[in-house]
Amino acid sequence: MELKEQALEYENMSMSNMSTSDRVHASRKGKELILALNEIFKETKDDEIMDLMKRLTAKKQKIEKRLKGRP
């Protein structure tokens, strides 16, 4: 599944040396992936997809913390 591959790539992406625009882009990409996975989860109720969404959400929240100015 291509969407899972993109999600795993996003999860393994390095957060070091990111500019502000890179963080904004990464945050939006994370939201897009989470919402797409959620649509699949609604149909399949697969626990693996839920775990993946939780991990992506945690990474997205870390990125958003940095955007708001907290180190």
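Scroll up to find the structure.
Residues numbered from 1 in each chain as written. Predicted model: local features only at pLDDT ≥ 70, side-chain atom pairs only at ≥ 80, totals over all residues. Heavy atoms only, no water.

Chemist: A description of unusual backbone geometry should follow, citing residues and the corresponding values.
Modeler: Non-glycine residue N17 carries a positive phi angle of around 60 degrees. In this fold, N17 is placed in the loop between helix 1 (2–11) and helix 2 (20–44). Since its relative accessible area comes to 81%, N17 is described here as exposed. Although it is not a glycine, K45 sits at a positive phi angle of roughly 55 degrees. Along the chain, K45 turns up in the loop between helix 2 and helix 3 (47–67). (Helix = DSSP H or I, 4+ residues; strand = E, 2+ residues; numbered from the N terminus. Buried < 20%, exposed > 50% of the residue type's maximum accessible area, 1.4 Å probe, protein only.)

Chemist: I'd like a rundown of the side chain of K59, residues and numbers included.
Modeler: With respect to the helices and strands, the residue K59 is situated in helix 3. Among buried Asp, Glu, Lys and Arg side chains, K59 stands out as unpaired, with E11 the closest opposite charge at 8.0 Å. A polar atom in the side chain of K59 sits 3.3 Å from the backbone oxygen of E11. If we skip the residues at most four places from it in the chain, K59 touches Y10, E11, M13 and M15. (Lys, Arg positive; Asp, Glu negative; His and termini not counted. Salt bridge = Lys/Arg side-chain N within 4 Å of Asp/Glu carboxyl O. Polar contact = N/O pair within 3.5 Å; in protein donor to acceptor, adjacent residues only side chain to side chain. Contact = heavy atoms within 4.5 Å.)

Chemist: Just give me the short version of the nonpolar core, but keep the residues and values in it.
Modeler: Core analysis: the biggest nonpolar cluster contains 15 residues, and Y10, L37 and L56 have the highest contact counts within it. For this core, the secondary structure elements donating two or more residues are helix 1, helix 2 and helix 3. Of the residues forming this core, the biggest block, six residues, is contributed by helix 2. (Core = buried A, V, L, I, M, F, W, Y, C linked by side-chain atoms within 4.5 Å.)

Chemist: Could you give me a rundown of the pattern of salt bridges, with the residues and numbers involved?
Modeler: Pairs can form between side chains of opposite charge whenever their charged atoms are close. Here the structure, examined in full by the defined rule, presents five salt bridges. Among the salt bridges present, the one from K29 reaches E32, with a minimum N-O distance of 4.0 Å. Of this pair, K29 and E32 are both found in helix 2, three residues apart, which corresponds to roughly one turn of the helix. Owing to a relative accessible area of 28%, K29 belongs among the partly exposed residues under this scheme. Overall, the relative accessible area of 49% leaves E32 in the partly exposed class. One salt bridge in this structure joins E64 and K60, with 2.9 Å as the shortest N-O distance. Of the two residues, E64 and K60 both sit in helix 3, four residues apart, roughly one turn of that helix. Residue classification places K60 among the buried positions, given a relative accessible area of 15%.

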